[in-house]
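Given next are the chains, with one letter for each unit.
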Amino acid sequence: MKGAERIEIDRRYCKGCMLCQYVCKYEVFEVGQERSALDYLMPRAAKLENCRVCRLCESHCPDMALVVVAKKKGKGKE
Ligand code: SF4
Ligand code: SF4
């Protein structure tokens, strides 16, 4: 199964709209404590282990602030 190594959110651009949370079917995101450069509360990938790397969040982010980094496939997996 696909998984994410990490989800990078660029604090220069995130506007805290939480569209990424809205489109994610796997409830990966929650509202975090960290504020972006524009002073909005940013999402946090609280359940990164749920991520299926569908990239819906990435493609829906209006500010292109979010990048999903997939795990590298290990030998013998998938
Ligand atoms: S969709 Fe993009 S701008 Fe909106 S909260 Fe998520 S990362 Fe930030
Ligand atoms: S890549 Fe898909 S599963 Fe992973 S956080 Fe984004 S929307 Fe959710």
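Above this note sits the structure.
Values in this document were obtained by computation on a predicted structure and should not be read as measured data.

Inspection of every chain in the model, using the stated rule, returns seven salt bridges. We note a salt bridge from E34 to R11, for which the minimum N-O separation is 3.7 Å. Of this pair, E34 sits in strand β2 (residues 29-35) while R11 sits in the loop between β1 (4-9) and α1 (19-23), and the two are 23 residues apart along the sequence. Overall, the relative accessible area of 40% leaves R11 in the partly exposed class.

A separate point is the nonpolar core. The tendency in soluble globular proteins is for nonpolar side chains to be buried as a group. The biggest cluster of nonpolar side chains holds 16 residues, and the ones touching the most others in it are I7, V28, F29, C51, C57, L66 and V68. Taken together, the elements giving at least two residues each to this core come down to β1, α1 and β4 (66-70). Once residues lying within four places of it in the same chain are set aside, the contact partners of V28 are I7, R44, A45, A46, K47, L48, N50 and C51.

So, on to the site of ligand 2. By nearness alone, 13 residues border ligand 2, and C24, C51, C54, R55 and C57 come closest of all. Across the shell around ligand 2, the residue classes break down as eleven nonpolar, no polar and two charged.

Reading the values: the criteria
- Residues numbered from 1 in each chain as written.
- Chains lettered and ligands numbered in written order.
- Predicted model: local features only at pLDDT ≥ 70, side-chain atom pairs only at ≥ 80, totals over all residues.
- Heavy atoms only, no water.
- Salt bridge = Lys/Arg side-chain N within 4 Å of Asp/Glu carboxyl O.
- Helix = DSSP H or I, 4+ residues; strand = E, 2+ residues; numbered from the N terminus.
- Buried < 20%, exposed > 50% of the residue type's maximum accessible area, 1.4 Å probe, protein only.
- Core = buried A, V, L, I, M, F, W, Y, C linked by side-chain atoms within 4.5 Å.
- Contact = heavy atoms within 4.5 Å.
- Near = heavy atom within 4 Å.
- Nonpolar A, V, L, I, M, F, W, Y, C, P; charged D, E, K, R; others polar.

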